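Observations on chain architecture
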Amino acid sequence: RVDADGGLVFSTYFGGNEDSDSGNAVAFDAAGNVYAAGQASSGGLVLPILSPLLGSSDNAFINKYSPTGTLLYDQLLGGTGVDYATGLAVDAAGNAYVVGSTRSGTLALDSDTLAVNGDDATLSGAVDGFLVRLDGAGGHVYSTFVGGSDNDTVTGVAFAGDGKAYVVGETKFRNSGNLATTAGA
């Protein structure tokens with residue numbers, strides 16, 4: 001983080017000591033907290049006890065830092081397949097809206113298997129997008145898969161003042177017949 005004059009406020013590193021880890025999105029809340037999301041590839045980031053839930057493959061990460069760089073929470077999100085976060089938005093209350101792609105049929109947030117409680121509770125293709133909303137403390141509010149029977153990804157998210165989230169991404173097969181769309185939109 002740099003200040004308005006380009007001076008360093010804080011800098012940090014998140015990752016392991018093998019493979020490649022990447023930060024893919026950053027956002028701020030009204031209090032100046034910094035949120036980062038991306039892909040954790042290093043096996044050393046997942047404790048052995050969590051391996052049955054998060055697998056040994058890549059997982060998405062979501063971290064929250066104070067305005068001065070203190071880590072407030074760090075969450076790994078994923079399952080037994082490859083999972084990564086590509087987009088992030090934060091509302092004034094500090095709720096984080098995280099999107100990305102997954103190859104996992106179930107998702108876990110650190111040690112807790114998530115009840116995918118949004119509109120689409122099932123991984124429909126080999127790759128689907130996801131949307132997860134976390135509260136200000138990093139707790140699960142809701143999550144949903146986004147996709148049809150082919151490969152679908154979610155790359156960006158924005159939210160409206162009424163709490164609705166809007167996502168964009170890519171689908172491999174526009175006419176899959178089971179990709180949820182809104183008529184006339």
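See the structure printed just above.
One structure accompanies this document, and this report is about it. All values derive from a computational prediction rather than experimental measurement. (Residues numbered from 1 in each chain as written. Predicted model: local features only at pLDDT ≥ 70, side-chain atom pairs only at ≥ 80, totals over all residues. Heavy atoms only, no water.)

**With respect to the sheet that holds strand 5 (residues 83-90)**
Filter applied, for reference: DSSP-based pairing: two strands are paired if at least 2 bridges between them are found. For the purposes of this entry, the term helix denotes a DSSP run of H or I that reaches at least four residues, the term strand denotes a run of E that reaches at least two, and both are numbered from the N terminus. Only the contacting stretch of a helix is used when fitting its axis, a line to C-alpha atoms as for every element, and angles between N-to-C directions run 0 to 180 degrees.
One open sheet accounts for 4 strands, arranged 5-6-9-10; its pairing is antiparallel. The sheet terminates laterally at strand 5 and strand 10 (140-146), the two strands that pair on one side only. For this sheet the average axis-to-axis angle between neighbouring strands, irrespective of direction, equals 20°.

**A few points about the pairing of strand 6 (residues 96-102)**
Keep this limit in mind: Burial status follows relative accessibility: with a 1.4 Å probe on protein chains alone, a residue under 20% of its type maximum counts as buried, one over 50% as exposed, and anything between as partly exposed.
Here strand 6 lies mainly inside the structure; 7 of its 7 residues are buried. Residues Ala96, Val98, Gly100 and Thr102 of strand 6 are buried on one face, and the alternating residues Tyr97, Val99 and Ser101, pointing to the opposite face, are buried as well. The sheet contact formed by strand 5 and strand 6 spans 7 bridges and is antiparallel. From the neighbouring strand, Tyr84 faces strand 6, where its bridge partner is Ser101. In sequence, strand 5 turns back onto strand 6 through a hairpin of 5 residues, with Gly94 there showing a positive phi of about 90°. Two elements, strand 6 and strand 9 (residues 128-134), share 7 bridges in a ladder whose sense is antiparallel. Note that in strand 9 the partner of Val98 across the bridge is Val132.

**Examining the environment of Gly169**
On the secondary structure map, Gly169 appears in strand 12 (residues 165-171). The spacing of Gly169 and Ser101 is 68 residues in sequence and 9.7 Å in space, taken between C-alpha atoms.

The quantities given are spatial measurements derived from coordinates; they are silent on function.
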